[in-house]
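Coordinate analysis (summary)
Each chain, written out:
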Amino acid sequence: MLMTIQLLHSCLAAQTVQNMEWVIFMDDDIIYHRHNYFTEPMPYNFYQRLYRGASKDICSLETNWKTGHYTLTRIVTDSEIFCVQFDADKIVTGHADNTIKIWNRKTQAVSKTLEGHEDGVHSIQYDDVILLSASRDRTVRMWNIDTGAMLGRLDQNNFWVWSLKFTSDTMVTGDTNGMVALWYYSHDVIDMRGILMGHESEVWAVDISEKYVVSGSGDCSVMVWDPLTGDTTHVLMEHDGWVRGVKLRGHHVVSGSEDSTVRLWDVESGECLRVLDGHDEEEVRCVGFDGKRIISGDEQGIIKVWDYQAALDPASPESSLCLATLKEHTDFVSGIQLDDFQLVTVSCDKTIVIWDFLDPIIPQL
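Basis of the calculations
- Residues numbered from 1 in each chain as written.
- Predicted model: local features only at pLDDT ≥ 70, side-chain atom pairs only at ≥ 80, totals over all residues.
- Heavy atoms only, no water.
- Pairing = 2+ DSSP bridges.
- Helix = DSSP H or I, 4+ residues; strand = E, 2+ residues; numbered from the N terminus.
- Axes fitted to C-alpha atoms, helices over the stretch in contact; angles between N-to-C directions.
- Salt bridge = Lys/Arg side-chain N within 4 Å of Asp/Glu carboxyl O.
- Buried < 20%, exposed > 50% of the residue type's maximum accessible area, 1.4 Å probe, protein only.
- Patch = residues over 30% accessible without salt bridge, like charges linked within 9 Å, V, L, I, M, F, W, Y side chains within 5 Å.
- Areas by Shrake-Rupley, 256 points an atom, 1.4 Å probe, with all protein chains shown as cover.

Next up on the list: the sheet that holds strand β9 (residues 130–135). The pairing of strands in a sheet happens through backbone hydrogen bonds and is either parallel or antiparallel. On the basis of which strands lie adjacent, the open sheet formed by four strands has the order β8-β9-β10-β11 and antiparallel pairing. Taken across any chain shown, the strands that pair with only one partner, and hence form the sheet edges, are β8 (121–126) and β11 (150–155). Sheet twist, expressed as the mean angle between neighbouring strand axes with direction ignored, is 20°. Bridge count for β9 against strand β10 (residues 139–144) is five bridges, and the pairing is antiparallel. By the bridge assignment for β10, A134 is matched with V140.

Moving on to the pattern of salt bridges. All told, the structure shown has 13 salt bridges when counted by the stated rule. The residue R263 makes a salt bridge to E238 at a minimum N-O spacing of 3.1 Å. Remark: E238 occurs in the loop between β19 (232–236) and β20 (243–249) and R263 occurs in strand β22 (residues 261–266); sequence separation between them is 25 residues. In this structure R263 comes out as buried when scored by relative accessible area, which is 10%. Look at E238 and you get partly exposed, because its relative accessible area is 39%. Between E283 and R285 there is a salt bridge; the shortest N-O distance is 3.3 Å. Each member of the pair, E283 as well as R285, carries the same accessibility label: buried.

Let us now look at unusual backbone geometry. Positive phi, close to 75°, is recorded for R138, a residue that is not glycine. Along the chain, R138 turns up in the loop between β9 and β10. Classification of R138 as partly exposed rests on a relative accessible area of 32%. For E281, which is not a glycine, the phi torsion comes out positive at approximately 70°. Secondary-structure assignment places E281 in the loop between β23 (271–277) and β24 (284–289).

Turning our eyes to something else, we now look at a nonpolar patch on the surface. Together, M192, I195 and M197 give the surface a local cluster of nonpolar side chains, amounting to about 280 Å² of exposed area. Along the chain, the position of M192 falls in strand β15 (residues 190–196). M192 gets classed as partly exposed once you look at its relative accessible area, which sits at 42%.

Rendered as structure tokens:
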């Protein structure tokens, strides 16, 4: 019984139990011990059934990702979409019509529209309290995620702001002047910390962790920086086109480029570990990466799902790398986010597409 409880404390197992409604006594990633909620001790076979059911659903979930089985939900909007983030309750999107829209997951309706930007919103990120947005109007703006009220703005002089990311105390931005800017960040104030110079063209994408800052640029490079010192640790130069997307997890970074490739790098050594080549000469516009799967979206609306673990293994054949090819968008894919169960993509075709791999509709033969 102890082994069962420990297993269900893992993120994937507990979330699968929650999503498949095996037990309702859930809070975040932990199933409460029976003494918290049950007045009578639960029998051994309760935990046995729970374990078997959750294990079966986890296996089915992984199979669905690998076979491309999913349930599709499409939300049609009234303007092109450039970026997306989601959680269990909402989807947040940045639009070409200068707005940020917050969508209710259950009703699929707009619950709030955030207005204030004067040009398209190309990057967003939020936490439990604050939403930050970056725009071609040369500003970064701070919003209250619950009320939608604008709390402040940063003016980036004469340069469009293409991208932003933040951690608990640091924000990084990339702009059309090729600058990567570091900022002290809190829910109350954002102050300039320093400028990271090195790119020779506009910075399309950035990401940040406690140990690294990464940036992708129109100069075809990915740069790796130390956020504490501001020093450049690596310049990754193997792309032959603009780098449109970067995603950082641990000491690996994924980059997507207009040269039609996705590359997996080790940011500690600067080594390119794998080239993922399957977009048939179409420009890769954005990437997603969750430590299990790599996702890439291109200018023709095609999405590729790649096996991260296979990509790490030099012995894996090229044919084993791409798990699925998804085609539902009719214009280029501009934003990707994923978790263990689902993929959410947005596009300049004005749609949000939710791909649910936990509870798919499997075609009958």
